[in-house]
Amino acid sequence: MERETQRNVELIWLTGKLMPDFKTIADFRKDNGQAIRSVCREFIVLCRQLKLFSEAIVAIDGSEFKAVNNRDKNFTDRKLKARSAMGQDSVTVLADRGYFRGEEIRACDQAGITALVPKPLTSGSKAAGRFDKRDFVYIPESDEYRCPAGQRAIWRCTSIEQGMRLHKYWPLACPKCPIKAQCTPSDYRRITRWEHEQMLDAMQARLDCIPQASRLRRQTVEHPFATLKAWMGSTHFLTKTLPRVSTEMSLYVLSYNLKRVMQIFGVQPLMRAMAA
């Protein structure tokens, strides 16, 4: 208790009897937003230099944090920047089903980022006891599908939907198929294939070879977000507008990372590394 009192007296003397209140903290956060966000990024670079990243793996979580925001100004773009911070030419990214989007997965692939994102199960066919798309085998050599009845579903037409070029396939044998009731209530069972779906097939093959990918993602990312929410309390963000919320989040992330590195690396070694 005596030592703590001495430290408080020293702090009062060093700050010239400055007594910061909520306004002092709020102004500091408001006036130094860009610097705070930069420090958060630079600390990640320092962690890389200290060899604290064992593998070039990034885990993404779709956590939601409460914030005051105009409905018309919601920021929903999911942008992946983590390769420059990791200092790697190529990284592996683990994300949950909510991040599955063909165009973004293809962009990751083109940038040398190996994405592992499970495909959401949105089809109602399986729930209704009918075959779904996974029961149809694509044959790349002839650009056609083989249906569960062994019939050929060949390319029939192409359409553009939401900016994506989609090919449509169906077999002519559908009306007389003996197992049609297990397949579709329509006259023909149509299969849709994106023009770059081979890239999604390759990703699914990687996921099949790494059954522990989902568990690894949860172990890596869910604990930090749960900890941050516990620190922030029920209200979560206290600031308004995206730049200020970003600054507030950066402060929480920086605090979390500092505590983790101090536990792993030690306070004095970390101070020497920061001063170097």
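All figures in this text were calculated on a predicted structure; none of them were measured in a lab. (Residues numbered from 1 in each chain as written. Predicted model: local features only at pLDDT ≥ 70, side-chain atom pairs only at ≥ 80, totals over all residues. Heavy atoms only, no water.)

*Asks:* Explain the overall build of the protein residue by residue, including any values.
*Replies:* Helix and strand counts for the protein stand at nine helices and eight strands. Across the 276 residues that make up the protein, the buried fraction comes to 29%. Partitioning the intrachain contacts of the protein with sequence separation of at least 6 by distance along the chain shows that 58% fall at a separation of at least 24. Of the roughly 18900 Å² of accessible surface on the protein, 54% is carried by carbon and sulfur atoms. (Helix = DSSP H or I, 4+ residues; strand = E, 2+ residues; numbered from the N terminus. Buried < 20%, exposed > 50% of the residue type's maximum accessible area, 1.4 Å probe, protein only. Contact = heavy atoms within 4.5 Å. Areas by Shrake-Rupley, 256 points an atom, 1.4 Å probe, with all protein chains shown as cover.)

*Asks:* Residues and numbers for the sheet that holds strand 5 (residues 144-146), please.
*Replies:* Strand order in the open sheet made by the five strands is 4-5-6-7-8, with antiparallel pairing throughout. Of all strands in the sheet, those bounded by a partner on one side alone are strand 4 (137-139) and strand 8 (191-194). Each strand axis lies, on average, 35° off the axis of its neighbour in the sheet, ignoring direction. By the bridge criterion, three bridges tie strand 5 to strand 6 (residues 152-161) in an arrangement that is antiparallel. The partner of Y145 across the bridge, within strand 6, is A153. (Pairing = 2+ DSSP bridges. Axes fitted to C-alpha atoms, helices over the stretch in contact; angles between N-to-C directions.)

*Asks:* If you had to explain the packing of helix 8 (residues 242-265) against helix 9 (residues 267-275) to someone new, which residues and values would you point to?
*Replies:* Running from N to C, helix 8 and helix 9 cross one another at 115°; their axes reach a closest spacing of 7 Å. Across from L258, V261, M262 and F265 in helix 8, the residues of helix 9 making contact are V267, P269 and L270.

*Asks:* Can you break down the packing of aromatic side chains residue by residue, with the values?
*Replies:* Summed over the entire model, instances satisfying the criterion amount to four aromatic pairs. Note on Y138 and Y169: the rings are 6.5 Å apart at their centroids and 80° apart in plane angle, and the pair reads as edge-to-face. Within this pair, whereas Y138 is found in strand 4, its partner Y169 is found in strand 7 (residues 164-170), the two being separated by 31 residues in sequence. A relative accessible area of 1% places Y169 in the buried class. Between the NZ or CZ atom of R190 and the centre of the ring of W170, over which it lies, the distance is 4.4 Å. It is R193 that lies over the ring of Y138; its NZ or CZ is 3.6 Å from the centre. (Phe/Tyr/Trp six-rings, centres within 6.5 Å; stacked < 30°, edge-to-face > 60°. Lys NZ or Arg CZ within 6 Å of the ring centre and 35° of its normal.)

*Asks:* Report on the confidence of the model for the protein, specifying residues and quantitative values.
*Replies:* In regions of low pLDDT, the predicted coordinates are not meant to be interpreted in detail. This prediction gives the protein a mean pLDDT of 80; 78% of its residues lie at or above 70. Taken element by element, the predicted model of the protein shows its lowest mean pLDDT in helix 4 (residues 82-86) (58) and its highest in strand 5 (96). (pLDDT = per-residue confidence, 0-100.)

*Asks:* Hey, could you go over helix 5 (residues 102-110) for me, with residue numbers and the actual values?
*Replies:* Within helix 5 the residues assigned to the buried category are G102, I105 and C108. The buried residues of helix 5 occupy one face: seen down the axis, they fall within an arc of 125°. Among the structural elements, strand 3 (113-116), strand 8 and helix 6 (197-209) are those in contact with the buried residues of helix 5. A positive backbone phi angle near 80° is found at G112, which sits one or two residues after helix 5. (Arc of directions from axis to C-beta.)

*Asks:* Residue-level account of a nonpolar patch on the surface, with values.
*Replies:* A grouping of M262, V267 and M271 is seen on the molecular surface, where their side chains present a nonpolar patch of about 250 Å² in accessible area. Assignment of secondary structure puts M271 in helix 9. Classification of M271 as partly exposed rests on a relative accessible area of 47%. (Patch = residues over 30% accessible without salt bridge, like charges linked within 9 Å, V, L, I, M, F, W, Y side chains within 5 Å. Salt bridge = Lys/Arg side-chain N within 4 Å of Asp/Glu carboxyl O.)

*Asks:* Any details on unusual backbone geometry? Residues and values, ideally.
*Replies:* In this model, D143 sits at a positive phi of 50°, which is unusual for a non-glycine residue. Even without a glycine there, the phi angle at Q162 is positive, about 55°. What makes Q162 exposed here is its relative accessible area of 79%.

*Asks:* Quick rundown of the environment of R134? Include the residues and the values.
*Replies:* In this fold, R134 is placed in the loop between strand 3 and strand 4. Within the local environment of R134, its side chain forms a polar contact with the side chain of D132, the two groups lying 2.8 Å apart. (Polar contact = N/O pair within 3.5 Å; in protein donor to acceptor, adjacent residues only side chain to side chain.)

*Asks:* An account of the nonpolar core is needed here, citing residue identities and associated values.
*Replies:* Of all hydrophobic cores here, the largest spans 15 residues; its most connected members are F100, I105, A115, V117, W194, L200 and M203. Elements represented by at least two residues in this core include exactly strand 2 (91-94), helix 5, strand 3, strand 7 and helix 6. Of the residues forming this core, the biggest block, three residues, is contributed by helix 6. Setting aside chain neighbours within four positions, we find F100 in contact with I105, V117, P118, K119, P120, L200 and M203. (Core = buried A, V, L, I, M, F, W, Y, C linked by side-chain atoms within 4.5 Å.)

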